[in-house]
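Now for the letters of each chain:
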Amino acid sequence: MYGSPKSTAQISFDEFILAYMRGDTPPFANVGSQARFLEPRPNGTKIDHLFRYEDVHGWRGFLQGRFAQEITFERLNVSSGPAPELLQKTEQRFRSKMAEEFELWDSIETSS
């Protein structure tokens, strides 16, 4: 996607979050709302299990119990480079503006 309007190749994490919070969200930051994506549907369909991405032990344990067998995963598509950094003032603004997203995040139980 390098060179396309959706590319984040030259965008820092801080710049991405600032763009995500804008009213006129650019294509590279137009990822929607996790909280809204996970809302129950009018027909009653709703999620009944939710795991944090990094809670590998939690979702692997769930799947092993569900399928009654050991499950292993290969690590693929691992990002290279430094960990994303977010300025404290950006994080404070993000937590305030996207409180619904953080309420969802905080509500997820982890296995650790």
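This structure is a prediction, so every number in the text was calculated from the model and none was measured.

Caption draft 1: Spatial organisation of the overall build of the protein. When helices and strands are tallied, the protein shows 5 helices and 0 strands. Start at the N end of the protein and walk to the C end: the helices and strands fall as α-α-α-α-α. With 112 residues in all, the protein has 21% of them scored as buried. Residue pairs at least 24 apart in sequence account for 50% of intrachain contacts in the protein once pairs closer than 6 positions are excluded. Accessible surface, the protein as shown: approximately 9,300 Å² in total, 52% of it carbon and sulfur. Looking at charge distribution, the protein has the averaged site of its 13 positive side-chain charges lying 4 Å from that of its 16 negative ones.

Caption draft 2: Local environment of the packing of aromatic side chains. For the coordinates displayed, the defined rule picks out 6 aromatic pairs. With a centroid separation of 6.5 Å and 10 degrees between ring planes, the pair formed by Phe-16 and Tyr-20 is classed as stacked. One end of the pair is Phe-16 and the other is Tyr-20, both in helix 1 (residues 13-21) and 4 residues apart, which spans about a single turn. Between Phe-94 and Phe-102, the ring centres sit 5.2 Å apart and the planes meet at 85 degrees, which makes this aromatic pair edge-to-face. The class of Phe-94 is buried, set by a relative accessible area of 13%. Above the plane of the ring of Trp-105 lies Arg-52, whose end atom (NZ or CZ) is 3.9 Å from the centre.

Caption draft 3: Geometry of the environment of His-49. You can see His-49 is positioned in the loop between helix 2 (34-37) and helix 3 (56-67). The partly exposed category is assigned to His-49, whose relative accessible area is 37%. Between the alpha carbons of His-49 and Trp-59 there is a distance of 9.2 Å; along the sequence they are 10 residues apart. Apart from the residues lying within four places of it in its own chain, the contact partners of His-49 are Phe-62 and Arg-66. Of note is the side chain of His-49, whose polar atom sits 2.8 Å from the side chain of Asp-48.

Caption draft 4: Quick look at a negative patch on the surface. A grouping of Glu-39, Glu-100, Glu-103 and Asp-106 is seen on the molecular surface, where their side chains present a negatively charged patch. Along the chain, Glu-39 falls in the loop between helix 2 and helix 3. A residue is classified by how much of its surface remains accessible, and Glu-39, at 37% relative accessible area, is partly exposed.

Cut-offs used in this document
- Residues numbered from 1 in each chain as written.
- Predicted model: local features only at pLDDT ≥ 70, side-chain atom pairs only at ≥ 80, totals over all residues.
- Heavy atoms only, no water.
- Helix = DSSP H or I, 4+ residues; strand = E, 2+ residues; numbered from the N terminus.
- Buried < 20%, exposed > 50% of the residue type's maximum accessible area, 1.4 Å probe, protein only.
- Contact = heavy atoms within 4.5 Å.
- Areas by Shrake-Rupley, 256 points an atom, 1.4 Å probe, with all protein chains shown as cover.
- Lys, Arg positive; Asp, Glu negative; His and termini not counted.
- Charge placed at Lys NZ, Arg CZ, Asp CG, Glu CD.
- Phe/Tyr/Trp six-rings, centres within 6.5 Å; stacked < 30°, edge-to-face > 60°.
- Lys NZ or Arg CZ within 6 Å of the ring centre and 35° of its normal.
- Polar contact = N/O pair within 3.5 Å; in protein donor to acceptor, adjacent residues only side chain to side chain.
- Patch = residues over 30% accessible without salt bridge, like charges linked within 9 Å, V, L, I, M, F, W, Y side chains within 5 Å.
- Salt bridge = Lys/Arg side-chain N within 4 Å of Asp/Glu carboxyl O.

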